[in-house]
Amino acid sequence: MKLLNDLFSTDYGLMSIIGIGFMICMAAFFVRMFLVKMNEPPQPNTATKALKGGGQNLPHPR
């Protein structure tokens, strides 16, 4: 009971709760973001297309 009293009534206990809560929210945000990004279809890469000769406006190498 003393531990809970210290956790909720002292400045270092409240900062611990805030820090733990922030880290849990940040972890949930990143898990959601990564899951959404993994399920997106791949986007065409214009830089790779230009290197393979798909770009018509590139100067001819000499």
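This text goes with the structure placed above it.
Residues numbered from 1 in each chain as written. Predicted model: local features only at pLDDT ≥ 70, side-chain atom pairs only at ≥ 80, totals over all residues. Heavy atoms only, no water.

Student: So, the pattern of salt bridges: which residues are in play, and what are the values?
Tutor: Following the criterion strictly, the structure yields one salt bridge and no others. Taking the shortest distance from any N to any O, the salt bridge between K2 and D6 comes out at 2.9 Å. Of the two residues, K2 and D6 are both situated in helix α1 (residues 2-9); the distance of four residues between them amounts to about one turn of the helix. On the accessibility criterion, K2 (57% relative accessible area) is exposed. (Salt bridge = Lys/Arg side-chain N within 4 Å of Asp/Glu carboxyl O. Helix = DSSP H or I, 4+ residues; strand = E, 2+ residues; numbered from the N terminus. Buried < 20%, exposed > 50% of the residue type's maximum accessible area, 1.4 Å probe, protein only.)

Student: Report on the packing of α1 against helix α2 (residues 11-38), specifying residues and quantitative values.
Tutor: Packing of α1 against α2 brings their axes to within 5 Å, and their N-to-C directions diverge by 80°. Here α2 runs roughly perpendicular to α1, going by the angle between their axes. Only D11, Y12, G13, L14 and I17 of α2 make contact with α1, whose side of the interface consists of D6, L7, F8 and S9. Split into classes, the residues belonging to the contact of α1 with α2 amount to five nonpolar, two polar and two charged. (Axes fitted to C-alpha atoms, helices over the stretch in contact; angles between N-to-C directions. Parallel < 35°, antiparallel > 145°, perpendicular 65-115°, else oblique. Contact = heavy atoms within 4.5 Å. Nonpolar A, V, L, I, M, F, W, Y, C, P; charged D, E, K, R; others polar.)

Read these as spatial facts, not as claims about activity.
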